[in-house]
Amino acid sequence: MTFKHAPLSLALAGCLLSAPAFADGMLHWQNNSLTYLYGKDYKINPPIQQTLTFEHASGWAWGDMFLFVDNIFYNGVSGSDGHSYYGEFSPRLSLGKLSGQNMSFGPIKDILLAATYERGESTNGVPNQNYLLGPAVDLDIPGFDRLAINVYYRKPDGSTGKPGGQWQVTPTWAMTFPIGKSDILFDGYIDWVVNDAGSERRGDFISKNLHINPQIKYDLGKALDGEPGKLYVGIEYDYWSDKYGIEDGGFVSDLVGGTNQNTASLLVKAHF
């Protein structure tokens with residue numbers, strides 16, 4: 001999928017950070033980054049990709065927010081087909097922050113309402129966008145810098161012609177391991193769409209699928225006696241069974257050479 005209106009998300013982030021709420025103390029923290037990725041053996045899309053990703057994460061008095069925009073270049077493909085976008089916008093409302101009550105019990109640190117908007121490049125004039133909504137928990141587990149589990153109901157935009165009715169479980173995590181004078185950061189997410197939707201007879205079948213996307217990064221800036229957490233180098237691993245919900249082994253899958261993706265990319269990531 002691709003994100004045709006990437007500038008809208010960037011403008012949204014800028015507006016949020018410059019709004020009066022910023023001055024009123026509603027913004028508790030923020031982190032922005034740019035990542036360069038180079039990888040091979042991608043499925044469905046051209047196999048060799050270079051990606052420049054902008055990410056924004058922030059904590060607010062009402063919860064937190066995350067958004068990213070992928071600017072993707074396909075090696076060996078010219079013209080408009082050689083470039084695309086994809087992005088997501090994910091705000092979460094914290095029941096603990098909104099109620100002023102301590103929602104923690106056991107390993108659970110907070111209970112939230114999570115939402116995500118996915119936007120992809122239109123195909124033959126048909127928008128490619130999905131709306132996700134559901135409960136989430138933040139967990140306090142020894143060894144994790146952060147650990148959250150979001151559970152979503154997926155609702156495609158009605159104009160896409162795709163069926164609703166799928167559920168998605170999305171854990172996200174981060175762990176830091178000291179090594180010598182620097183650190184290794186292991187973070188990432190898993191998107192597990194647990195059930196099929198639609199039917200092959202109607203031609204709108206979407207398969208359950210599993211997308212595992214961790215990064216292993218070395219804090220190069222800290223190793224060079226710079227500020228920690230600012231410059232990383234490493235590897236992103238990308239496993240995606242039945243990518244985009246296209247069942248591997250089916251007719252479409254045979255045309256594109258399979259839909260089970262298993263690849264890795266070199267990365268450089270700078271935070272600012």
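Residues numbered from 1 in each chain as written. Predicted model: local features only at pLDDT ≥ 70, side-chain atom pairs only at ≥ 80, totals over all residues. Heavy atoms only, no water.

## As for the overall build of the protein
Step number 1: Helices and strands together make up the secondary structure of the protein, namely five helices and twelve strands.
Step number 2: Once the C-alpha set of the protein is aligned to its principal axes, its extents read approximately 50 × 45 × 35 Å.
Step number 3: In the protein, which comprises 272 residues, the proportion classed as buried is 41%.
Step number 4: Here the contacts in the protein between residues at least 6 apart in sequence split such that 54% fall between residues at least 24 apart.
Step number 5: Accessible surface, the protein as shown: approximately 13800 Å² in total, 62% of it carbon and sulfur.
Step number 6: Here the protein holds 20 positive side-chain charges and 29 negative ones, and the gap between their average locations is 2 Å. (Helix = DSSP H or I, 4+ residues; strand = E, 2+ residues; numbered from the N terminus. Buried < 20%, exposed > 50% of the residue type's maximum accessible area, 1.4 Å probe, protein only. Contact = heavy atoms within 4.5 Å. Areas by Shrake-Rupley, 256 points an atom, 1.4 Å probe, with all protein chains shown as cover. Lys, Arg positive; Asp, Glu negative; His and termini not counted. Charge placed at Lys NZ, Arg CZ, Asp CG, Glu CD.)

## Quick word on a nonpolar patch on the surface
Step number 1: Residues Leu34, Tyr36, Leu52, Leu231, Val268 and Phe272 make up a contiguous nonpolar surface patch of about 500 Å² in total accessible area.
Step number 2: With respect to the helices and strands, the residue tyrosine 36 is situated in strand S1 (residues 27-39). (Patch = residues over 30% accessible without salt bridge, like charges linked within 9 Å, V, L, I, M, F, W, Y side chains within 5 Å. Salt bridge = Lys/Arg side-chain N within 4 Å of Asp/Glu carboxyl O.)

## Quick word on the packing of aromatic side chains
Step number 1: Applying the stated criterion across every chain yields a total of seven aromatic pairs.
Step number 2: Among the aromatic residues, those joined into a ring-pair cluster are Phe66, Phe68 and Tyr86.
Step number 3: Here the basic side chain of lysine 217 rests over the ring of tyrosine 232, its NZ or CZ set 5.8 Å away from the ring centre. (Phe/Tyr/Trp six-rings, centres within 6.5 Å; stacked < 30°, edge-to-face > 60°. Lys NZ or Arg CZ within 6 Å of the ring centre and 35° of its normal.)

## Describing the sheet that holds S1
Step number 1: Ordered by their spatial adjacency, twelve strands build a closed barrel running S1-S2-S3-S4-S5-S6-S7-S8-S9-S10-S11-S12, and the pairing between neighbours is antiparallel. Strand after strand, the sheet turns through a mean of 20 degrees between neighbouring axes, direction not considered.
Step number 2: Of the strand pairs in this sheet, strand S9 (residues 182-193) and strand S10 (residues 209-219) are connected by ten bridges, and their pairing is antiparallel. Among the inter-strand pairings, aspartate 187 is bridged to a residue of S10, identified as glutamine 215. (Pairing = 2+ DSSP bridges. Axes fitted to C-alpha atoms, helices over the stretch in contact; angles between N-to-C directions.)

## Details of the pattern of salt bridges
When their charged atoms lie close together, side chains carrying opposite charge are able to pair.
Step number 1: The tally for this structure, following the rule as stated, stands at nine salt bridges.
Step number 2: A salt bridge links lysine 222 to aspartate 183; its shortest N-O distance comes to 2.9 Å. Residue lysine 222 is found in helix H4 (residues 220-223), and its partner aspartate 183 is found in strand S9; the two are separated by 39 residues along the sequence.
Step number 3: Among the residues examined, lysine 222 registers a relative accessible area of 26% and is labelled partly exposed.
Step number 4: Salt bridges here are not isolated pairs; linked through shared partners, they connect Asp64, Arg92 and Asp138.

## Describing the pairing of strand S11 (residues 231-241)
Step number 1: In this structure, S10 lies alongside S11, joined through eight bridges in antiparallel fashion. In the sheet register, glutamine 215 faces S11, and the bridge partner there is glutamate 236.
Step number 2: Bridge count for S11 against strand S12 (residues 261-271) is ten bridges, and the pairing is antiparallel. Following the sheet pairing, leucine 231 is matched in S12 by alanine 270.

## Details of the pairing of S1
Step number 1: In this structure, S1 lies alongside strand S2 (residues 49-60), joined through twelve bridges in antiparallel fashion. Residue threonine 35 lies in a different strand from S2, and its bridge partner there is threonine 53.
Step number 2: Pairing of S1 with S12 involves seven bridges; the strand directions are antiparallel. Within S12, the residue paired with tyrosine 36 across the bridge is valine 268.

## A look at a negative patch on the surface
Step number 1: On the surface, Glu200, Glu247, Asp248 and Asp254 cluster together to form a negatively charged patch.
Step number 2: Relative to the assigned elements, aspartate 254 resides in helix H5 (residues 251-256).
Step number 3: For aspartate 254, a relative accessible area of 56% corresponds to the exposed category.

## Focus: the side chain of aspartate 204
Step number 1: Its location among the elements puts aspartate 204 in the loop between S9 and S10.
Step number 2: Within the local environment of aspartate 204, its side chain forms a polar contact with the side chain of arginine 202, the two groups lying 3.4 Å apart. (Polar contact = N/O pair within 3.5 Å; in protein donor to acceptor, adjacent residues only side chain to side chain.)

## Re the environment of glutamate 118
Step number 1: The residue glutamate 118 is located in strand S5 (residues 108-123) in this model.
Step number 2: The class for glutamate 118 is buried, based on a relative accessible area of 4%.
Step number 3: Spatially, the C-alpha atoms of glutamate 118 and tyrosine 153 are 13 Å apart, while their sequence positions differ by 35 residues.
Step number 4: A distance of 3.0 Å separates the side chain of glutamate 118 from the side chain of arginine 154, its partner in a polar contact.

## Quick look at the environment of glutamine 215
Step number 1: Residue placement: glutamine 215 occurs in strand S10.
Step number 2: As for glutamine 215 and asparagine 150, which are separated by 65 residues in sequence, their C-alpha atoms are 19 Å apart.
Step number 3: Each residue touching glutamine 215, except ones within four places of it in the same chain, is listed here: Leu185, Phe186, Asp187, Ile235, Glu236, Leu267 and Lys269.
Step number 4: Here lysine 217 takes part through its side chain, which lies 2.9 Å from a polar atom of the side chain of glutamine 215.
Step number 5: There is a polar contact of 2.8 Å between the side chain of glutamine 215 and the side chain of glutamate 236.

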